[in-house]
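Chain residues, written in single-letter form:
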Amino acid sequence: MNQPIFTGSAVAIATPFTSDTVDYPALKRLLDFQLDNGTDAVVVCGTTGEAATMSYVERMRTIETTVRHVAGRVPVIAGTGANSTETAITLSKDAALAGVDGLLVVTPFYNKATQKGLVRHYEAVADAVEKPVILYNVPSRTGVKCTAEAYAALAKHPNIHGVKEASGDLALVQKTRELCPEDFYIWSGNDGETAPIMLLGGKGVISVAANVAPREMHELTDACLRGDFFSAGKQQLHLRRLCEALFWEVNPIPVKTALGMMGYCQEIFRLPMCEMEAENRPRLRAVLESYGLV
């Protein structure tokens, strides 16, 4: 029986940039902030990390830097998805060689594959590596949505360990739990759905909010894992305004802006991502101040 790669709160870490490359000293500061505040795992080069706009060399060096700096203290999971199966295989193989503990592979975007195509895509990636693979279902970004039946087919593969579920569809989570074996694990991909998904058997969250509130997201998931859903519900409600503010504009614009306000990195984005709208900045700062983050 496969064990979960992690339980609890994994930060979908932002990638800090300089004007022309990755700001590796700032990345290490962000990692230290996470490790000092109870984060249970680090997901590097995902959506929040703006991986789609990074060069191959930057992406691999960022993964390698993260693996070396974390040094086994928590699991490191690398985003290696692509809309080309061949590219996803190459990224996954190279991330595995860099020493990651697992791979996060988003559904192929733009192509709008059929469910049969999605199954074959994921099987091809999982066949090519020996690391655990977490599927990533985020139809709002990719234009395609996995079904519970597709998950049930993929759960038969020994290297596929579960899914980051960011569809916002709790009925899909329930059906997935019904159709899939116990060791096909589910992690919330939406901060605001962490407690509900964990109540349905989820093992944690891959979190945007953990970039700025790692301790609080760890405490939320810890309460769920202990079965204390009363406390978890209170914490989920407490964090509602923060989670909402971090999606006033498309991720990762608000969270990287927040990290800049907190002094952890520069507010530098890669086009087509750009700076936060001026009218939203004071609103975001006010929310951060209300949580004691700035």
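Above this note sits the structure.
> Got a sec to walk through the overall build of the protein chain? Specific residues and values, please.
Secondary structure summary: the protein chain contains 13 helices and 8 strands in total. In summary, the protein chain has a C-alpha radius of gyration of 18 Å against a globular reference of 19 Å for 294 residues, a match within 12%. Looking at the protein chain alone, contacts between residues at least 24 apart form 71% of all its contacts between residues at least 6 apart. Within the structure as shown, the protein chain displays about 12000 Å² of accessible surface, and the carbon and sulfur contribution to it stands at 52%.

> Residues and numbers for the pattern of salt bridges, please.
If you walk through the whole model with that rule in mind, you get 8 salt bridges. Note that K256 and E50 form a salt bridge whose closest N and O atoms lie 2.6 Å from each other. With a gap of 206 residues between them, K256 in helix 12 (residues 253-261) and E50 in the loop between strand 2 (41-44) and helix 2 (56-70) connect regions that are remote in the sequence. Overall, the relative accessible area of 0% leaves K256 in the buried class. Here D228 ties to R226 by a salt bridge, and the two come within 4.0 Å at their closest N and O atoms. Judged by its relative accessible area of 24%, D228 falls in the partly exposed class. Overlapping salt bridges, with partners in common, bring together D222, R226 and D228 in one network.

> Help me get a handle on unusual backbone geometry, residues and values and all.
Of note, the bond from N251 into P252 is cis; its omega dihedral lies within 30 degrees of zero at 15°. The topology assignment puts P252 in the loop between helix 11 (240-245) and helix 12. Note the cis peptide between L271 and P272, where omega equals 15°. Note that P272 resides in the loop between helix 12 and helix 13 (280-290). Phi at C45 takes a positive value of approximately 60°, unusual for a residue other than glycine. Mapping C45 onto the fold places it in the loop between strand 2 and helix 2. Given a relative accessible area of 2%, C45 falls into the buried group. Positive phi outside glycine occurs at E50, with the angle close to 55°.

Calculation notes
Residues numbered from 1 in each chain as written. Predicted model: local features only at pLDDT ≥ 70, side-chain atom pairs only at ≥ 80, totals over all residues. Heavy atoms only, no water. Helix = DSSP H or I, 4+ residues; strand = E, 2+ residues; numbered from the N terminus. Rg over C-alpha atoms; globule rule 2.2 N^0.38 Å. Contact = heavy atoms within 4.5 Å. Areas by Shrake-Rupley, 256 points an atom, 1.4 Å probe, with all protein chains shown as cover. Salt bridge = Lys/Arg side-chain N within 4 Å of Asp/Glu carboxyl O. Buried < 20%, exposed > 50% of the residue type's maximum accessible area, 1.4 Å probe, protein only.

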